[in-house]
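Summary of structural features
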Amino acid sequence: MRTPVMAGNWKMFKNVAETNAFFEKFKPLVASTTGREIVICPPFVDLPVAAWAARDSNIDIGGQNCYWENEGAFTGEISPSMLAGAGAKWVIIAHSERRQFFGETDETAHKRIVAALAAGLKPIVCVGELLADREAGNTNSVLDRQFRGGIAGLSSDQFANIVIAYEPVWAIGTGKTATPQIAAEAHAFIRGLARTKFGPQAADALRILYGGSVKPENAKELMAQEEIDGVLVGGASLKPDGFASIVNY
Ligand code: PGA
C-alpha cells in the first residue's frame, strides 16, 4: 500500500522565531501519528531551525525549491546538497508559483528533479492546469505536457523516488477546492501516464498528492479517494492545530 505524504508548504511565511513556535505546538499534536509521512517545507532561512526542532520526531523537513548545480557562481540560488546539509529530506519542485512568477519550465523542473535526487532528496514535483486550461477542456493535455517535459525523461530508479503533487492552479489559495472526484480523475490520468511510461508496478507505487485549498474540513473526504495519496497544503499548514488535524484527518 502507498503510505500517505502529508506535506505543508509554508511559502514565504514565518521567520525563525515563528518557526520555533510552530514546532513547539505542532510536535506533540502528531507525536503518536503513524502510517503517514509528515513533511514541513519552510523558507530556506528557517530550515536549520526547523530541522533541529523536528529532530527525533516523525516530522521531515523539505525545501521549497532548489537549483540544479551543486555549487558555483549563482548568486541567490540554493543547491540540493545545501538543503540536505541543512537537514532537509524533501524538496518541492516546480510549484505553480515558481512557474507563474519565476520562469520555471518543464525543462528546468527536470534539471532540478535530477539534481535533487542526486543529493538524496525526495522531490515533490508539482503539476496542474490553469483555470483557462480547465475551462477550455485542456486539463489532460496540460498534465501530459508537464509529465513529458519534466518527468518522463527520468530513469525508472529516479522515478521510484519522486512524489507528484497535482495542484490545479485555480484551487490554490482561492478557497476553491477541487471536488474529491475532480482530483481523483486527474490523479488517475497522471497515474495512467506513469503506467504507460514506467510500467504498472511503478505506477501503482507512485504517490500522487492533491494540493489546493486543503483544510481540516475537507481533508478527510479528499483522503477517502483511493487515488489520493496525501496532500500538499499551503495556507492551512501555517497553524499547528489546523495542520495537525489535516495530518490526523
Ligand atoms: P493552498 O496552497 O493550500 O493555500 O491553496 C497549496 C499550495 O500552493 O501548495
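Residues numbered from 1 in each chain as written. Predicted model: local features only at pLDDT ≥ 70, side-chain atom pairs only at ≥ 80, totals over all residues. Heavy atoms only, no water.

Quick look at the site of the ligand now. Around the ligand there are 13 residues in total, and Lys11, His95, Glu167, Gly173 and Ser213 lie nearest to it. A distance of 2.7 Å separates an oxygen atom of the ligand from a polar side-chain atom of Glu167. Across the complex, the protein chains shield 95% of the 280 Å² of accessible surface that the ligand would expose by itself. (Near = heavy atom within 4 Å. Polar contact = N/O pair within 3.5 Å; in protein donor to acceptor, adjacent residues only side chain to side chain. Areas by Shrake-Rupley, 256 points an atom, 1.4 Å probe, with all protein chains shown as cover.)

Moving on, we come to the layout of surface pockets. Considering only enclosed or pocket space, the largest pocket measures out at about 480 Å³ in volume. Along its surface, the largest pocket is lined by 19 residues, and Lys11, Met12, Gln64, Arg98 and Phe102 are the ones closest to its centre. Split by residue class, the lining of the largest pocket holds 10 nonpolar, five polar and four charged. Its boundaries defined by the atoms lining it, the second largest pocket holds a volume of some 250 Å³. For the lining of the second largest pocket, the class distribution of residues is eight nonpolar, eight polar and four charged. (1 Å grid on protein atoms, 1.4 Å probe; cavity = no way out; pocket = protein on both sides within 12 Å on 5 of 7 lines; lining within 4 Å. Points joined across faces, edges and corners; volume = space filled by probe spheres on them. Nonpolar A, V, L, I, M, F, W, Y, C, P; charged D, E, K, R; others polar.)

Sheet architecture is closed into a barrel: eight strands sit in the order β1-β2-β3-β4-β5-β6-β7-β8, paired in parallel fashion. Ignoring strand direction, the axes of neighbouring strands in this sheet form an average angle of 25 degrees. Across four bridges, the pairing between strand β4 (residues 90-93) and strand β5 (residues 122-127) is parallel. Bridge pairing in β5 links Ile92 to Ile124. In the packing of helix α7 (residues 139-151) onto the sheet, the strands contacted are β5 and β6 (163-166), and the crossing angle to β6 comes to about 150 degrees. Most of the contacts of helix α12 (residues 240-247) go to strand β1 (residues 5-9), to which it runs at about 155 degrees, and overall it touches β1, β2 (37-41) and β8 (230-233). (Pairing = 2+ DSSP bridges. Helix = DSSP H or I, 4+ residues; strand = E, 2+ residues; numbered from the N terminus. Axes fitted to C-alpha atoms, helices over the stretch in contact; angles between N-to-C directions. Contact = heavy atoms within 4.5 Å.)

The nonpolar side chains of a soluble globular protein tend to be buried with one another. Membership of the largest hydrophobic core comes to 62 residues, with the highest contact counts inside it found for Phe23, Phe26, Ile40, Phe147, Ile151, Ile162 and Tyr210. Those residues in contact with Phe23, other than ones at most four positions away along the chain, are Trp10, Pro28, Ile40, Ala50, Ala53, Ala54, Ile59 and Ile61. Counting residues in each nonpolar core, the second largest holds 12 residues, with Cys41, Cys126, Val163 and Leu209 among its members. (Core = buried A, V, L, I, M, F, W, Y, C linked by side-chain atoms within 4.5 Å. Buried < 20%, exposed > 50% of the residue type's maximum accessible area, 1.4 Å probe, protein only.)

This part covers the packing of aromatic side chains. For any two aromatic rings, the description comes down to two numbers: the centre-to-centre distance and the angle of the planes. As enumerated under the stated definition, the model contains 11 aromatic pairs in all. Relative to Phe198, the ring of Phe147 lies with its centre 6.5 Å away and its plane at 70 degrees, an arrangement referred to as edge-to-face. Highlighted residues: Phe147 in helix α7 and Phe198 in helix α9 (residues 180-198), separated in sequence by 51 residues. An identical accessibility class is assigned to Phe147 and Phe198; each is buried. Among the aromatic residues, those joined into a cluster by ring pairs are Trp10, Phe22, Phe23, Phe26 and Phe243. Across the ring face of Trp10, the terminal group of Lys14 is positioned such that the distance to the ring centre comes to 5.3 Å. (Phe/Tyr/Trp six-rings, centres within 6.5 Å; stacked < 30°, edge-to-face > 60°. Lys NZ or Arg CZ within 6 Å of the ring centre and 35° of its normal.)

Structural measurements only, silent on function.
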